[in-house]
Every structure is written in C-alpha cells, then in structure tokens.
Amino acid sequence: AKRKEARKAFAIPGNAQVVGHTALMMHRGQEELIDAAQSLNNPTLHLLFVGSGQEHENVKAKAAASSMAERIHFSGYLEGDDLLNGYAAMDAAFSAQAGNDASVRAVLEAMSCGLPVVGVQDGAIADVVDAAVGFPVASRLPQDIATGLEAFLGRQEGTGARARQKMLEERTMEMEAEKTISHYETCARLKG
C-alpha cells in the first residue's frame, strides 16, 4: 500500500520497475544512468531522481531529450517522511560514487529501506554492495551500468530484504557510534 501511494505521488505507474538516484550533485553518474536505461529499451523501467543540486537542470535536459523521457521522474529535494516515500516508490537504487565525505550515505539509506543497489564498484560502494545485496557493476560506463540494470530487472526476490538485513546486522547506530569512538580513541593515543 505504501509503495502504491508513493508511486501515485510521483506519477509512476504501479507496475513499473523503478531505479532511484538521490543527490543531483556533479559527476554522480546521472547521465550515464540515463544512457544505460535508454539502451535497454525496456518499457517497464523507470528512473526516479530525488534531490536538487548543481546537475539538476543538466539531468532534466538529458532526460527530456531521451527516448524514455516519459519514464524519468524528478521529485525535487526530499527529507524526512517525504524522503522515505521517495525510497518507497523505488525497487532499487543506483550509485556511481561515494559522497563528498567518502561516505555512501545514499547507499546505506536505500539498503536500510530494503532496496538493493546497482552500484559501481569503486571505493566505499565496493565495500558495501555485493551480489547478495545488490547488483555490482564494473564501471560507470553506460554499458556496464546497463548490465547491472539487466541483472536488477531479472532479479529474484529477496535481494532487497538481504540488503536491509545487512544494515541491521552490520551498520546499526550503536555499531557506527562504537566505530567512531574507537577511531577517536586511536587518534588520541597516537597524538598523546
């Protein structure tokens, strides 16, 4: 029911296969994702871009010029419950690179929401996304991303549930806090 409501809010058909991308910052693979999705020519595949940023207008222009323009959706910036609705509308998330602080917050958020991730195996993404919880891709070249999207479209159920379980077992707030404290304690000992 939540997915149906979320999709209605973003004008996405209920039977669509939706891959979402958050944070429209420069060089995050948005254009490559559009090229990859377009190359598949799959009428059920939709893209949902969540956020706003430096690349917003460029990505919108690329989407409008693509052959799948009517299947590319933009939500604008979302936070709180609205962001959760954005994730609820998706079947998977896409990530091509870690954020400015080298974290993969968007990947972790998506996985926490039970979404598998089509993720370029670079940096911290490679540490988090494997075939059990997502669809690893070799590079951000459109043909490699298309391979990951094909794997997503042909997926067996359970990948998203395994992604969520991984977050519950390996990335709880308590675990993250303990790692942070341990890191600071190590730094303090080295300085002391």
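Computed from a predicted structure; not experimentally measured. (Residues numbered from 1 in each chain as written. Predicted model: local features only at pLDDT ≥ 70, side-chain atom pairs only at ≥ 80, totals over all residues. Heavy atoms only, no water.)

### Examining empty space enclosed by the protein
Formally: Cavities and pockets were defined on a 1 Å grid built over protein atoms only: a cavity is a set of grid points that admits a 1.4 Å probe from which the probe cannot escape, a pocket is an open set flanked by protein on both sides within 12 Å along at least five of seven lines, and lining residues are those with an atom within 4 Å of any such point. Grid points are joined across faces, edges and corners, and a volume is the space filled by probe spheres set on the points. By definition, any uninterrupted DSSP run of H or I lasting at least four residues is a helix, any uninterrupted run of E lasting at least two residues is a strand, and each is numbered from the N terminus.
Within the structure shown, the criterion is met by one cavity of 30 Å³ or more. Put simply, the largest cavity is a space of about 60 Å³. In terms of lining residues, the largest cavity is bounded by G20, H21, T22, Y87, M90, A93, F94, S95, A106, V107, A110 and V117. Among the elements of the structure, β1 (17-22), β4 (92-95) and α5 (105-112) are those that each provide at least two residues to the lining of the largest cavity.

### Focus: the layout of surface pockets
Selection criterion: The nonpolar class holds Ala, Val, Leu, Ile, Met, Phe, Trp, Tyr, Cys and Pro. Asp, Glu, Lys and Arg form the charged class, and all remaining residues, Gly among them, are polar.
Volume-wise, the largest pocket comes out at about 460 Å³. Of all the secondary-structure elements, those providing two or more residues to the lining of the largest pocket are β1, α4 (80-88), β4 and α5. Looking at the lining of the largest pocket, the element that brings in the most residues is α5, giving four residues. In terms of residue class, the lining of the largest pocket is built from 13 nonpolar, nine polar and four charged.

### Notes on the side chain of Q17
To keep things clear, this is the line we draw: In the analysis that follows, any N or O atom pair within 3.5 Å is treated as a polar contact, provided that within protein one partner can donate a hydrogen and the other can accept it, and provided that, for residues neighboring in sequence, both atoms belong to side chains. Here, two residues are considered to be in contact whenever any of their heavy atoms come within 4.5 Å of each other.
On the secondary structure map, Q17 appears in strand β1. Separated by 2.8 Å, the side chains of Q17 and R155 make a polar contact. If we skip the residues at most four places from it in the chain, Q17 touches T44, L45, H46, D91, F152, L153 and R155.

### Side note on the packing of α5 against helix α8 (residues 159-170)
For clarity, the cut-off: Between the N-to-C directions of two axes lies an angle of 0 to 180 degrees, each axis being a line fitted to C-alpha atoms and, for a helix, fitted only over the stretch in contact. Reported orientations rely on four angle classes, namely roughly parallel under 35 degrees, roughly antiparallel over 145, roughly perpendicular from 65 to 115, and oblique for the rest.
One way to put it is that α5 packs onto α8 with a least axis distance of 7 Å and a crossing angle of 110°. Judged on the interaxial angle alone, α8 and α5 are roughly perpendicular. When α5 is examined against α8, the residues L108, M111 and S112 are found in contact with a partner set consisting of A163, R164, K166 and M167.

### Section: the sheet that holds strand β6 (residues 134-137)
Just so we agree on the cut-off: Pairing between strands is defined by DSSP: at least two bridges between them are needed.
Judged by pairing direction, the sheet is parallel, and its six strands sit side by side in the order β3-β2-β1-β4-β5-β6 without closing on themselves. Of all strands in the sheet, those bounded by a partner on one side alone are β3 (72-76) and β6. Taken pair by pair, the neighbouring strands of this sheet meet at an average axis angle of 25°, ignoring direction. Where strand β2 (residues 45-50) and β3 come together, four bridges link them in parallel fashion. Bridge assignment links F49 to a residue of β3, and that residue is F74.

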